[in-house]
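Inside the fold
Okay, here's what each chain looks like letter by letter:
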Amino acid sequence: MEREPLLASQVFQDEEIQFIPSERRNTGLTRSTSAPAKPIMGDFRNIDQTLAVKSKYESNSIVRRALLLLIIYLLVGVAIYIFDKENFSGIETHPVVDAIYFSIVTLCTVGYGDVAPLSPATKVFTCIFVLMGFGFINISLRGLVNYALDYHENLFVANSRVNLGGRGNSSNGFLRNCIFDIKDGRLRTRVKVGLALGVVILCIGMGATVLHFVEKFDVLDSIYLSVMSVTTVGSYGGKAFNTIQGRLFASLWLLVSTLSVARVFLYLAEIRVDKRHRRMEKWILHRQMTVDDLVAADINNNGFISKAEFAIYKLKEMGLIKQKDILLVCNQFDKIDRNNSGKITISDLLQ
């Protein structure tokens, strides 16, 4: 018989597994010889718990790493600025506040120019400082922002799926159905676009408000500098935050707004690409299969294709997997299938 790798429907076709409830163990019934032992079944039941613990550990690692790198970065910037502040130009408010403000402006790649290095040593330090911030800390913080957004989206979708699993005929259920695509497990595209634009407007509005009432800029200049800041373009006219209250606000606002707005524009680009991919996937899944498709999908060259081969071929057409990925999986299958039977059984795993 010819082998058919990756045919999941045949894995346990000849191996029947019987589970004996605990209250029936003394009735003379015995466990099937092909059934896994109790410790192995316990391992199967612990898979979800293990994955949950691993996910929690990875999320905590992302948060700790991002905060640790940010603290180290700010400490280095504050130490250098205070130690050699006479070689930095700009309006002075408070040494620590100015140092943090300079570090955040550098990290976010805004570059107002109101605080700038003067000596060769401080210029060399600033070059290294920019590369460190842009190359490591900024990427880590972007990963933290992406994780937070994805985590909350998945949490909202999961809660909505649970709530809609009940009656699902209330006005709240209808509203959640308009916001979430429960079937695909994601926010609807129109909601994502609305939230993205809302984040941009909120960040610009907060900055413009502080610039107008604290820094005493007029309305147009406040909006102008706020837009230039959140998009990390910087100020062409040299205007920036000059008060201690404004710099304290900017230290937090720039860190949050620049990362959020960058994620928003990337998010909008991803939505457009995702929409195009969905149209292509829909066309691939609904188009009529030809003889050429059958020949290409026939992994075993036996003149017909199974459900697994059909699924693999469609995934390849949609660009979700590549030929080298399939070969890697097939090689792993061959290593487990010691008897070359074309199936993976419990006895193969126990060996």
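About the cut-offs
- Residues numbered from 1 in each chain as written.
- Predicted model: local features only at pLDDT ≥ 70, side-chain atom pairs only at ≥ 80, totals over all residues.
- Heavy atoms only, no water.
- Helix = DSSP H or I, 4+ residues; strand = E, 2+ residues; numbered from the N terminus.
- Buried < 20%, exposed > 50% of the residue type's maximum accessible area, 1.4 Å probe, protein only.
- Areas by Shrake-Rupley, 256 points an atom, 1.4 Å probe, with all protein chains shown as cover.
- Axes fitted to C-alpha atoms, helices over the stretch in contact; angles between N-to-C directions.
- Parallel < 35°, antiparallel > 145°, perpendicular 65-115°, else oblique.
- Contact = heavy atoms within 4.5 Å.
- Nonpolar A, V, L, I, M, F, W, Y, C, P; charged D, E, K, R; others polar.
- Expected span 1.5 Å × (residues − 1).
- Phe/Tyr/Trp six-rings, centres within 6.5 Å; stacked < 30°, edge-to-face > 60°.
- pLDDT = per-residue confidence, 0-100.
- Left-handed = near helix turned anticlockwise from the far one by under 90°.
- Core = buried A, V, L, I, M, F, W, Y, C linked by side-chain atoms within 4.5 Å.

The number of helices and strands found in the protein chain is twelve helices and four strands. Taking all 351 residues of the protein chain together, the buried fraction comes to 34%. In the structure as shown, the protein chain presents an accessible area of about 22200 Å², 63% of it carried by carbon and sulfur atoms.

With that settled, the discussion passes to the packing of helix H7 (residues 219-230) against helix H8 (residues 244-286). In a pair of packed helices, the angle between the axes and the distance between the axes together describe the arrangement. Contact geometry of H7 with H8 gives a least axis separation of 8 Å together with a crossing angle of 65 degrees. Judged by the inter-axis angle, H7 sits roughly perpendicular to H8. Within the contact between the two elements, H7 uses Ser226, Ser229 and Val230 and H8 uses Trp253, Leu254, Ser257, Thr258 and Val261. When grouped by side-chain class, the residues that make up the contact of H7 with H8 number four nonpolar, four polar and no charged.

When the terminal C-alpha atoms of helix H3 (residues 95-107) are compared, their 18 Å separation across 13 residues agrees well with the 18 Å that a helix rising 1.5 Å per residue should span. Among the 13 residues of H3, ten are classified as buried, and the element is accordingly described as predominantly covered. Residues of H3 that are buried: Val97, Asp98, Ala99, Tyr101, Phe102, Ser103, Ile104, Val105, Thr106 and Leu107.

Bringing the packing of aromatic side chains into the picture now. Enumeration according to the criterion identifies ten aromatic pairs in this entry. A ring pair is formed by Phe88 and Phe102, whose centres lie 5.2 Å apart and whose planes are at 65 degrees; its orientation type is edge-to-face. Remark: Phe102 occurs in helix H3 and Phe88 occurs in strand E1 (residues 88-89); sequence separation between them is 14 residues. Since its relative accessible area comes to 5%, Phe102 is described here as buried. Relative to Tyr112, the ring of Tyr101 has its centre 6.4 Å away and its plane inclined at 10 degrees; by these criteria the two rings are stacked. Of this pair, Tyr101 sits in helix H3 while Tyr112 sits in the loop between H3 and strand E2 (116-117), placing them eleven residues apart in sequence. Through successive ring pairs, a cluster of aromatic residues spans Tyr101, Tyr112, Phe241, Phe249 and Trp253.

Moving on to helix H10 (residues 307-317). Listed as buried for H10 are Ala308, Glu309, Ile312, Tyr313 and Lys314. Contacts made by the buried residues of H10 are with H8, helix H9 (291-297) and helix H11 (323-336).

So, about the confidence of the model for the protein chain. Chain-level statistics for the protein chain give a pLDDT mean of 77 and a share of 73% at 70 or above. Put simply, helix H1 (residues 38-45) is where the protein chain has its lowest mean pLDDT, 47, and H7 is where it has its highest, 93. The model gives residues 1-45 a pLDDT under 50, and that stretch makes 58 contacts with residues more than four places away or in other chains.

To continue, consider the packing of H3 against H8. Two numbers describe how H3 lies on H8: the axes approach to 9 Å, and their chain directions differ by 30 degrees. Seen along the crossing, H3 lies across H8 with a hand that is left-handed. Side by side, H3 and H8 meet where Val97, Asp98, Ile100, Tyr101, Ile104, Val105 and Leu107 of the first sit next to Ile244, Arg247, Leu248, Ala250, Ser251, Leu254 and Leu255 of the second. Its residues placed into classes, the contact of H3 with H8 shows eleven nonpolar, one polar and two charged.

A separate point is the side chain of Thr106. Within the secondary structure, Thr106 sits in helix H3. Given a relative accessible area of 11%, Thr106 falls into the buried group. Apart from the residues within four sequence positions on either side, Thr106 is in contact with Tyr73, Phe129 and Val130.

A few words on the nonpolar core. Nonpolar side chains in soluble globular proteins tend to end up buried together. Tyr101, Tyr112, Leu141, Phe241 and Leu254 are the most contacted members of the largest nonpolar core, which has 42 residues in total. Residue assignment for this core shows that the elements contributing at least two residues are helix H2 (47-83), H3, helix H4 (120-164), helix H6 (189-213), H7 and H8. Residue contacts for Tyr112: discarding those within four places in its chain leaves Tyr101, Val105, Leu225, Ser229, Ser235, Lys239, Ala240, Phe241, Trp253 and Leu254.

A few words on unusual backbone geometry. Unlike most non-glycine residues, Thr109 shows phi in positive territory, near 55 degrees. Counting through the fold element by element, Thr109 comes out in the loop between H3 and E2. Thr109 sits in the partly exposed class, given a relative accessible area of 31%. At Lys216, a position not held by glycine, the phi torsion is positive, near 65 degrees. Position of Lys216 relative to the elements: it lies in the loop between H6 and H7.

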